[in-house]
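What follows is each chain in one-letter form.
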Amino acid sequence: MSVLDNIKNTFQQQSKLTVLIILNVAVYLTLNIASNIAHIYLTPYVALPLSGHEFIYKFWTIFTYMFTHEGLGHVLFNLLLLYFSGRLFYSILG
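Values in this document were obtained by computation on a predicted structure and should not be read as measured data. (Residues numbered from 1 in each chain as written. Predicted model: local features only at pLDDT ≥ 70, side-chain atom pairs only at ≥ 80, totals over all residues. Heavy atoms only, no water.)

J.: Is there a simple way to think about the environment of Leu 4 in this case?
T.: Along the chain, the position of Leu 4 falls in helix α1 (residues 3-13). Considered as a pair, Leu 4 and Gly 73 are 69 residues apart in the sequence and their alpha carbons are 31 Å apart. (Helix = DSSP H or I, 4+ residues; strand = E, 2+ residues; numbered from the N terminus.)

Printed below as a string of C-alpha cells:
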C-alpha cells in the first residue's frame, strides 16, 4: 500500500465529523504556515467578504470561509462547538 492509500483508508474509517475537524485544523495550519513563510496575510483571500460587490470577484469564498479562523482560540472554540453539536446532531438524527 502507498501512503495515499493509507491516508484514504484512515479517512474512510473515521466519522464525517472527525474528518471535518481534521480538515479544519489542516487548513488552519496550512494558512498560518504559508502566511508566515510568504509574509502575506492570506485570510482576506479565503474569508467571506462583507460586501456583495467584493463577493462577485471572490466567489470561491462561499466554500473556504468555514475553514478560515483568526487565531488559535477561535479555531479551538469553533471546533469544540462543532464536535459537541455534531455529536448531539448524530445522536438525535442518527
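J.: Before we go on, may I ask you to explain the nonpolar core in this structure?
T.: One recurring pattern in soluble globular proteins: nonpolar side chains tend to sit buried together. In terms of nonpolar packing, the biggest core is built from five residues, these being Leu 17, Ile 21, Tyr 28, Val 75 and Leu 79. Looking at this core, the elements that each hand over two or more residues are α2 (16-38) and α6 (72-93). For this core, the element with the most residues is α2, which contributes three residues. When sequence neighbours within four positions are dropped, the list of residues in contact with Tyr 28 reads Phe 67, His 69, Gly 71, Leu 72 and Val 75. (Core = buried A, V, L, I, M, F, W, Y, C linked by side-chain atoms within 4.5 Å. Buried < 20%, exposed > 50% of the residue type's maximum accessible area, 1.4 Å probe, protein only. Contact = heavy atoms within 4.5 Å.)

J.: Quick question: what am I supposed to make of the pattern of salt bridges here?
T.: Two side chains of opposite charge can pair, provided their charged atoms sit close to one another. Going through the model one piece at a time under the given rule, you end up with one salt bridge. Where Glu 54 meets Lys 58, a salt bridge forms, and the shortest distance between an N and an O atom there is 3.1 Å. When its relative accessible area of 35% is taken as the criterion, Glu 54 is described as partly exposed. On the basis of relative accessibility, which here comes to 14%, the residue Lys 58 falls in the buried class. (Salt bridge = Lys/Arg side-chain N within 4 Å of Asp/Glu carboxyl O.)

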